[in-house]
Amino acid sequence: MSTVTQEAYGLARSTSLPYAEAVPAIKEALKEVGFGVLWEIDVPATLKAKIGVEDFRPYIILGACNPHLANRALRAELDLGLLLPCNVIVYDQGDGRTAVKAIEPDKMMGFVGNPALAPIAVEAREKLLTALAKLPG
């Protein structure tokens, strides 16, 4: 997969970058389109610490936020904070490639039912698509 694809509730890109390079690459790409990473969860380390799982593939969840979009969205729908930030995941596919996926803002905000969120979701989607497209195929 060399392009960004639409999945059920996310935008996906498979990259030739190894996991250890894909994580900083997507963080930089997100930064370039105005997103910051507020937090990150190292899934294997968390599962090992909490329940003793030893064999989970390299996988990280990034909490990405664009403050300008978040401000507009929260002003339109105060409770939208329940759905923020935009999650981005990176994991080793096990075939020498790395999956990088982002939540689909249209899907996330669409079920809220507030039409004022539609243009914000479109803008967020375009920025996330641009970030994912910056990764090598």
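Computed from a predicted model, the values in this text were never measured in an experiment.

## With respect to the state of the cysteines
1) Next: A full pass over the atoms with the stated rule returns zero disulfides.
2) Next: Of all cysteine sulfurs, the one in Cys 86 lies closest to Cys 65, which takes part in no disulfide; the gap is 7.5 Å.

## Here's the deal with the packing of aromatic side chains
1) Next: Enumeration over the complete set of coordinates arrives at two aromatic pairs.
2) Next: Arranged with centres 5.9 Å apart and planes meeting at 70°, the rings of Phe 56 and Tyr 59 form a pair that is edge-to-face.
3) Next: Exposure remark for Tyr 59: the relative accessible area of 18% places this residue in the buried category.
4) Next: Here the aromatic rings of Tyr 59 and Tyr 91 are separated by 5.2 Å at their centres, their planes lie at 5°, and the arrangement is stacked. Residue Tyr 59 is located in strand 4 (residues 59–65), and its partner Tyr 91 is located in strand 5 (residues 86–92); the two are separated by 32 residues in the primary sequence. In this structure, Tyr 59 and Tyr 91 share a single accessibility class: buried.
5) Next: What links up through ring pairs into an aromatic cluster is the set Phe 56, Tyr 59 and Tyr 91.

Rules of the game
Residues numbered from 1 in each chain as written. Predicted model: local features only at pLDDT ≥ 70, side-chain atom pairs only at ≥ 80, totals over all residues. Heavy atoms only, no water. Disulfide = S-S within 2.5 Å. Phe/Tyr/Trp six-rings, centres within 6.5 Å; stacked < 30°, edge-to-face > 60°. Buried < 20%, exposed > 50% of the residue type's maximum accessible area, 1.4 Å probe, protein only. Helix = DSSP H or I, 4+ residues; strand = E, 2+ residues; numbered from the N terminus.

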